[in-house]
Amino acid sequence: EAVRGTPAAFDERLHAARPHPGQVASAKLLRELLQDSEIRESHRTNDPRVQDAYSLRCTPQVLGAVHDAIEFAARTVDVELNAATDNPLVLGTDIVSGGNFHGQPVAMALDLLTIALTTLAGIAERRVESTVNPDLSQGLPPFLTPHAGLQSGFMMAQVTAAGLVAEC
């Protein structure tokens, strides 16, 4: 709402055409949050933009994929926490040697989680940039301060976010 984006990209039909569970859930939540938006109504006409930046209009796709990755990692860790990983295993009267000790399932889930959280950090940083940058903020004060140039406002928050994304 701060940068006066449109909720059109959250249309239920759009997400039904590509029904990844997290994407559908994210779009639904955004529709619910923006349902009574007075800000949206304030610029429904005479808006010169053709479409919003990716960091706004792709929010359900990105947050949904992050959600699905977190769910996958949680399921994998849940299985692992409730699994037998000793070697050998005593199975009834048999002693069986195998590789249940190998950490590949958890390693892959954690790698995916790293990718997902890095993606989340990247899109969040872009939204912060769109609020502090006067070229992108749709009329918000530069750096979200009344005295840009004399005060840095939230510029350091954006610079820090960009640095953290680079670190990710």
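Residues numbered from 1 in each chain as written. Predicted model: local features only at pLDDT ≥ 70, side-chain atom pairs only at ≥ 80, totals over all residues. Heavy atoms only, no water.

(A) The arrangement of the packing of helix 2 (residues 21-34) against helix 5 (residues 59-81) in detail. Two elements in contact, helix 2 and helix 5, have axes separated by 7 Å at closest approach and are oriented at 130 degrees. Here helix 2 is positioned oblique relative to helix 5, judged by the angle of their axes. Along this stretch, helix 2 crosses helix 5, giving a crossing that reads as right-handed. Every residue of helix 5 that contacts helix 2 at P21, G22, Q23, S26, A27 and L30 is listed here: T59, P60, Q61, L63, G64, H67 and D68. The residue inventory of the contact of helix 2 with helix 5, partitioned by class, reads 5 nonpolar, 7 polar and 1 charged. (Axes fitted to C-alpha atoms, helices over the stretch in contact; angles between N-to-C directions. Helix = DSSP H or I, 4+ residues; strand = E, 2+ residues; numbered from the N terminus. Parallel < 35°, antiparallel > 145°, perpendicular 65-115°, else oblique. Left-handed = near helix turned anticlockwise from the far one by under 90°. Contact = heavy atoms within 4.5 Å. Nonpolar A, V, L, I, M, F, W, Y, C, P; charged D, E, K, R; others polar.)

(B) Looking closely at unusual backbone geometry. Residue P88 is reached from N87 by a cis peptide bond, and omega for that bond is -5 degrees. Examined against the element boundaries, P88 turns out to sit in the loop between helix 5 and strand 1 (89-91). In this model, L144 sits at a positive phi of 60 degrees, which is unusual for a non-glycine residue. Assignment of secondary structure puts L144 in the loop between helix 6 (104-132) and helix 7 (155-167).

(C) The arrangement of a nonpolar patch on the surface in detail. On the surface, F72, L112 and I115 cluster together into a nonpolar patch covering about 250 Å² of accessible area. Here L112 lies in helix 6. (Patch = residues over 30% accessible without salt bridge, like charges linked within 9 Å, V, L, I, M, F, W, Y side chains within 5 Å. Areas by Shrake-Rupley, 256 points an atom, 1.4 Å probe, with all protein chains shown as cover. Salt bridge = Lys/Arg side-chain N within 4 Å of Asp/Glu carboxyl O.)

(D) Structural context of helix 2. For helix 2, built from 14 residues, the straight-helix expectation of 20 Å at 1.5 Å per residue is met to within 8% by its first-to-last C-alpha distance of 20 Å. Burial in helix 2 covers these residues: G22, Q23, S26, A27 and L30. Relative to the axis of helix 2, the buried residues are bounded by an arc of 130 degrees and lie together on one face. (Expected span 1.5 Å × (residues − 1). Buried < 20%, exposed > 50% of the residue type's maximum accessible area, 1.4 Å probe, protein only. Arc of directions from axis to C-beta.)

(E) Seen up close, the pattern of salt bridges. Within this structure, the stated rule accounts for 3 salt bridges. Across the pair R13 and D11 runs a salt bridge, and its minimum N-O distance is 2.5 Å. A relative accessible area of 66% means that R13 is categorised as exposed. As a salt-bridge pair, E125 and R126 come within 2.8 Å of each other at their nearest N and O atoms. Using a relative accessible area of 40% as the deciding quantity, one classes R126 as partly exposed.

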